[in-house]
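If you want the building blocks of each chain, they are given just below.
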Amino acid sequence: MTAAIDPTAHTPTASIPTAADHRDGETACGGCGTSRRAFLGRGAVIGAVGVATTVGLTGCTEDLQAEASAPSQHPGGSPTPVLAAGDLPLGGQASVAIDGRTLLLHRESQDTVRAFSAVCTHQGCTVAPGQNRGRPTFACPCHGSHFDVATGVPYGGPAQKPLTEFTATVDDDMVMVTI
């Protein structure tokens, strides 16, 4: 048995959809592509992320500028008693709070004391006396910077500048720091 094909028979044709056939935001292929509205919305989000990133990096830049401009020597003021000399043994370190600032002290000899700001030159965290590989150090707990107790120079971590130094002396039985 064979089937005959009638070439004059009418077959339905698919109509091509137009923009009027779709709701706002849909594409002609039924959602297979990105609509103009979605595209513009994503562009706005990407732009907002770019602005937020720029603002965030500006904060980092300000921290780096602050580090770059940190003074290596405190300009001076008047000698202020900060600690009894007997409370700082030879080779010892101490942290003292005076006039709204924290200072780090190191006693090198009977008459020589070194004093530094406790503000880390990396990002401003408070540095404290500590130990690193068996030797005394001024250590930053935030990012691991270590500073030499005699010079304030960093020797480990991200800090690049030394701690700000203050003039210090031993006068009678008191450690005096020029603040």
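Computed from a predicted model, the values in this text were never measured in an experiment.

(A) Examining the overall build of the chain more closely. Scanning the chain from N- to C-terminus turns up one helix and eleven strands. Ordered by position from the N terminus, the helices and strands of the chain form the series α-β-β-β-β-β-β-β-β-β-β-β. Looking at the chain as a whole, 28% of its 179 residues qualify as buried. Sequence separation of 24 or more characterises 47% of the internal contacts of the chain that already satisfy a separation of 6 or more. As displayed, the chain offers around 11500 Å² of accessible surface, 57% of which is attributable to carbon and sulfur atoms.

(B) Structural view of the environment of His 146. In this fold, His 146 is placed in strand 7 (residues 146-147). For His 146, a relative accessible area of 17% corresponds to the buried category. Those residues within four positions of His 146 in sequence are excluded, and the remaining contacts are Asn 132, Thr 137, Phe 138, Ala 139, Val 153, Pro 154, Tyr 155 and Gly 156.

(C) Summary view of the state of the cysteines. One pass over the full model with this rule turns up one disulfide. Cysteine Cys 120 is unpaired, with the sulfur of Cys 140 as its nearest cysteine sulfur at 3.8 Å. Judged by its relative accessible area of 5%, Cys 120 falls in the buried class. With relative accessibility at 6%, the residue Cys 140 sits in the buried group.

(D) Region of interest: unusual backbone geometry. Despite not being glycine, Arg 133 has its phi angle at roughly 55°, a positive value. As for its placement among the helices and strands, Arg 133 is situated in the loop between strand 5 (128-132) and strand 6 (135-139). By relative accessible area, Arg 133 is classed as exposed at 83%.

(E) Representation of the packing of aromatic side chains. By the definition in use, this model includes one aromatic pair. It is Arg 135 that lies over the ring of Tyr 155; its NZ or CZ is 4.1 Å from the centre.

(F) Representation of the sheet that holds strand 9 (residues 165-166). Spatial strand order, 2-3-4-9: four strands in an open sheet with antiparallel pairing. The strands lining the two open edges of the sheet, one partner per strand, are strand 2 (93-98) and strand 9. Two strands pair when backbone bridges link them, and strand 2 and strand 3 (residues 101-107) are joined in this way by six bridges, in the antiparallel orientation. Directly across from Val 96, in strand 3, lies its bridge partner Leu 103.

(G) Structural detail: the side chain of His 106. Looking at the secondary structure, you find His 106 in strand 3. Of the polar contacts made by the side chain of His 106, one reaches the side chain of Gln 93; its length is 2.7 Å.

(H) Spatial organisation of the nonpolar core. Grouped together as the largest cluster of nonpolar side chains are 15 residues, with contacts concentrated most on Val 82, Leu 83, Leu 88, Leu 103, Leu 105, Val 175 and Val 177. Only strand 1 (79-84), strand 2, strand 3, strand 4 (113-117) and strand 11 (174-178) provide two or more residues apiece to this core. Ranked by the residues each element gives to this core, the list is headed by strand 2, at three residues. In contact with Leu 83, other than residues within four places in its own chain, are Leu 88, Ala 94, Val 96, Leu 105, Asp 173, Met 174 and Val 175. Among the nonpolar cores identified, the runner-up in size contains twelve residues, and Phe 116, Cys 125, Val 127 and Leu 163 belong to it.

(I) Representation of the pattern of salt bridges within the structure. In this structure the tally under the stated criterion is two salt bridges. The salt bridge partner of Arg 114 is Glu 108, with a shortest N-O separation of 3.8 Å. Classification of Arg 114 as partly exposed rests on a relative accessible area of 21%. With a relative accessible area of 37%, Glu 108 lands in the partly exposed category. Of the charged contacts, one joins Glu 165 and Arg 114 as a salt bridge, the two residues approaching to 2.6 Å between their closest N and O atoms. Of this pair, Glu 165 sits in strand 9 while Arg 114 sits in strand 4, and the two are 51 residues apart along the sequence. Through salt bridges with shared partners, a single network forms among Glu 108, Arg 114 and Glu 165.

Rules used throughout
Residues numbered from 1 in each chain as written. Predicted model: local features only at pLDDT ≥ 70, side-chain atom pairs only at ≥ 80, totals over all residues. Heavy atoms only, no water. Helix = DSSP H or I, 4+ residues; strand = E, 2+ residues; numbered from the N terminus. Buried < 20%, exposed > 50% of the residue type's maximum accessible area, 1.4 Å probe, protein only. Contact = heavy atoms within 4.5 Å. Areas by Shrake-Rupley, 256 points an atom, 1.4 Å probe, with all protein chains shown as cover. Disulfide = S-S within 2.5 Å. Phe/Tyr/Trp six-rings, centres within 6.5 Å; stacked < 30°, edge-to-face > 60°. Lys NZ or Arg CZ within 6 Å of the ring centre and 35° of its normal. Pairing = 2+ DSSP bridges. Polar contact = N/O pair within 3.5 Å; in protein donor to acceptor, adjacent residues only side chain to side chain. Core = buried A, V, L, I, M, F, W, Y, C linked by side-chain atoms within 4.5 Å. Salt bridge = Lys/Arg side-chain N within 4 Å of Asp/Glu carboxyl O.

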